[in-house]
Each structure stands twice: as C-alpha cells, then as structure tokens.
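# Observations on the three-dimensional arrangement
What follows is each chain in one-letter form.
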Amino acid sequence: YGPPNFVGEGLKIIDEYVGSTDANLDIMKAAKPLWQPLNFESPMEEIHSFPSIVEDENYHVMITWLINDKPLERHIEFAWYAIEYLLLGTPDSILRNALETSPIGTEIIGGLDTTYQQWTFSVGMKGVYEKHVNALEKLMQDVIKKIVDGPGFTEDQHKAALNTVEMRIRDQSTGDLPRGVSLFYRSLKKWNYGVDAKEALSFADDWNNFKLWNNAADNVNSKRYFDLIRTHIIDNPQRSQ
C-alpha cells in the first residue's frame, strides 16, 4: 500500500486522531451483531434488477442456504471448505460439471461465504432464460440429492479435497494483498464477533481435530459430509432464491 516512508507518515496522521481514544465497551456491546434465527418455514423467492452495461433480458439466478445460527466448530468449518471443493472446486466436480454442461445458463456463480458469523452456501448461474429459472433450481437439487443418495464422492475426489483445503490453510495465500493486510482482514472474520482474532489464523490443533472427525469409524463413504449436505442444503428451508 505504498513505500515504507509513506506508510509511516500515514500511520502518524491516523494516530493524531485515534491514538488518544479508548474503547467504549458499552458501544461495543450494543453494536455486537445478533444471531439471526433459522425461522423460515419455507424457502423465500425475490426478484431484483441488476446493473448491466449490455442489453440483457436474461436472469442471474442464485440459490443461497443459511448454514448456522450458532458458532460452527472449527472442524465443521474445515468440512464445509471440503464440501465446497467437492461440489464446485474443479471442472470434474459433480455439481459444477452438471451446471456447465447444461444449456440453462452461461456462467456459474456462488460458493461458500465465510465473511459473517452466519455462513452461507450459494450456487447459481448467469444468463438464465426466464423459462429456465425453475429448471435450474430443480437441476441443482436433483444433482445434490443424487450425490448424497447415490455413489457420492470417489476416494480420489475426497483425498483431493482434503489435500487442497490443507494446502490453502497452511499456505494462507494473500493474492495481490500485502500479507499483513490479508491476515488482518482474515482475523476480522472472528474479531468482529467478539471471538479471539488469533482463532482465524491458527490451524494446527484444529486441523488435527478435523482429521480425527474425518477418519472416524462412522464416516464410511463420506457419511458425515453427506449428513451436513442433507441437513443444511437438501432439507434446509432457510433458503432464498
């Protein structure tokens, strides 16, 4: 974000304004985000316009599932990273492949959103004709049910997902951002909600706990992953389109 002397001068200017202030715990307590209850009795559907620089009468269709109404245990967070990879991570992922080879839309959108304390999982497509909107939802639901009820994931797919998730966690790639800025943003995912910021950065013990969860005797043929998918996607009314 600039040469070192520029950064130093910028921090000095900021310090003149905020250096003498103290944390107001009453304000922090009042501003703490509340948990939204999982109280949908049936899925919600809304239609909104979106800006476009080209003439386009097609739809962007997104289906979003709300996953949790209380803090997720870290090993369950890792499990959801793996589920996202298994469903959408590669061209051979079952759900991604089904969407890309269908004539319903032109581009896949969505994924796992971990920005807030209540995570969401979204899948959709751009370029969907109005007559295909309902067909897209049915296709996604059918494919996900087939995964859970059918052969599921292969052993190679499962291993690839776990290896990819572990590498991402250990590497903590920052992309184009300076490493300090990226780690600060990552810590905010926990810190904003009153959780120790270090929890977002540490992983060794949590990853070991996840491996114990993954290798448990009752996780034959990815059963524990299918239980999460069935509960939070297939049978979950906390869904919007």
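As a starting point, this report considers the structure included with it. Keep in mind it's a predicted model, so treat the numbers as computed, not measured. (Residues numbered from 1 in each chain as written. Predicted model: local features only at pLDDT ≥ 70, side-chain atom pairs only at ≥ 80, totals over all residues. Heavy atoms only, no water.)

## Quick look at the sheet that holds strand β4 (residues 239-240)
Stated precisely, the cut-off is as follows: Paired strands are those between which DSSP finds at least two bridges. Starting at the N terminus, helices and strands are each numbered in turn, a helix being any DSSP run of H or I of at least four residues and a strand any DSSP run of E of at least two. In what follows, a contact means two residues having at least one pair of non-hydrogen atoms within 4.5 Å. Simply put, an axis is a line fit to the C-alpha atoms, just over the touching stretch for a helix, and the angle between two N-to-C directions goes from 0 to 180 degrees.
Strand order across the open sheet formed by four strands is β2-β3-β1-β4, with antiparallel pairing between neighbours. Looking at which strands have only one partner, the edges of the open sheet turn out to be β2 (107-113) and β4. Here strand β1 (residues 59-66) pairs with β4 via two bridges, running antiparallel. Across the sheet, residue T64 finds its bridge partner in β4, namely S240. Running over the sheet, helix α5 (residues 133-149) touches β1, β3 (120-128) and β4 and is turned about 40° from β1.

## Re the nonpolar core
Definition in use: Buried Ala, Val, Leu, Ile, Met, Phe, Trp, Tyr and Cys residues form a nonpolar core when they are joined through side-chain atoms within 4.5 Å. The buried label applies to any residue whose accessible area, calculated with a 1.4 Å probe on protein chains only, is under 20% of its type's maximum; exposed applies above 50%, and partly exposed to all values in between.
Membership of the largest hydrophobic core comes to 47 residues, with the highest contact counts inside it found for W80, L95, F121 and I229. It is helix α3 (residues 74-88) that provides the largest number of residues to this core, a total of 10 residues. Excluding residues that lie within four positions of it along the chain, W80 makes contacts with I67, L112, W119, L228, H232 and I233.

## Focus: the pairing of β2
Pairing of β2 with β3, which is carried by seven bridges, proceeds in the antiparallel orientation. Within the sheet, the bridge partner assigned to G110 lies in β3 and is V123. In this antiparallel pair of consecutive strands, β2 and β3, the connection spans six residues.

## Re the pattern of salt bridges
The condition that has to hold: Each salt bridge in this description consists of a side-chain nitrogen of Lys or Arg and a carboxyl oxygen of Asp or Glu lying within 4 Å of one another.
The final tally for this structure, using the stated rule, is 14 salt bridges. Of the charged contacts, one joins K159 and E155 as a salt bridge, the two residues approaching to 3.2 Å between their closest N and O atoms. One end of the pair is K159 and the other is E155, both in helix α6 (residues 155-171) and four residues apart, which spans about a single turn. Here K159 falls in the partly exposed class, since its relative accessible area comes to 45%. The salt bridge partner of E166 is R170, with a shortest N-O separation of 2.9 Å. Of this pair, E166 and R170 both sit in helix α6, four residues apart, roughly one helical turn. For E166, a relative accessible area of 21% gives the class partly exposed. A relative accessible area of 46% means that R170 is categorised as partly exposed.

## Looking at the environment of G180
Within the element layout of this structure, G180 appears in helix α7 (residues 179-191). Separated by 25 residues in sequence, G180 and D205 have C-alpha atoms that sit 23 Å apart.

## Some details on the packing of α3 against helix α9 (residues 223-234)
Working note: a packed helix pair is described by the angle between its axes plus the distance between those axes. Applicable threshold: Between 65 and 115 degrees an angle is taken as roughly perpendicular, under 35 as roughly parallel, over 145 as roughly antiparallel, and anywhere else as oblique. Gly counts as polar in this scheme, as do all residues outside two lists: the nonpolar Ala, Val, Leu, Ile, Met, Phe, Trp, Tyr, Cys and Pro, and the charged Asp, Glu, Lys and Arg.
The geometry of α3 relative to α9 is characterised by a closest axis approach of 11 Å and an angle of 85° between their N-to-C directions. Relative to α9, the element α3 lies roughly perpendicular. Packed against α3, whose contacting residues are I76, A79, W80, A82 and I83, the element α9 presents Y225, L228, I229, H232 and I233 at the interface. By residue class, the composition of the contact of α3 with α9 is nine nonpolar, one polar and no charged.

## Side note on a nonpolar patch on the surface
Rules: Candidates for patches are residues over 30% relative accessible area with no salt bridge; among them, like charges are joined within 9 Å and nonpolar side chains (Val, Leu, Ile, Met, Phe, Trp, Tyr) within 5 Å. Per-residue and other accessible areas were derived by the Shrake-Rupley procedure at a 1.4 Å probe size, with only the shown protein chains allowed to occlude residues.
Taken together, F6, V7, L11, I13, I14, Y17 and V18 make up a surface patch of nonpolar side chains, about 740 Å² in accessible area. Within the secondary structure, F6 sits in helix α1 (residues 4-18). A relative accessible area of 53% means that F6 is categorised as exposed.

## So, helix α8 (residues 204-214)
Note the cut-off: Comment: arc refers to directions from the helix axis out to C-beta atoms.
When we look at burial in α8, the residues that qualify are D206, W207, F210, W213 and N214. The arc enclosing the buried residues of α8, seen along the axis, measures out at 115°, which places them on a common side. Among the exposed residues of α8, those oriented more than 90 degrees off its buried face are D205 and L212. Residues of α8 that are buried in the fold lie against α3, α6 and α9.

## As for the packing of α3 against α8
Direction vectors running N to C along α3 and α8 enclose 70°, while the axes themselves pass 8 Å from each other. Taken together, the axis directions place α3 and α8 in an arrangement best described as roughly perpendicular. Where α3 abuts α8, its residues R74, H75, I76, F78 and A79 lie against D206, W207, N209, F210 and W213. Grouping the constituent residues of the contact of α3 with α8 by class yields six nonpolar, two polar and two charged.

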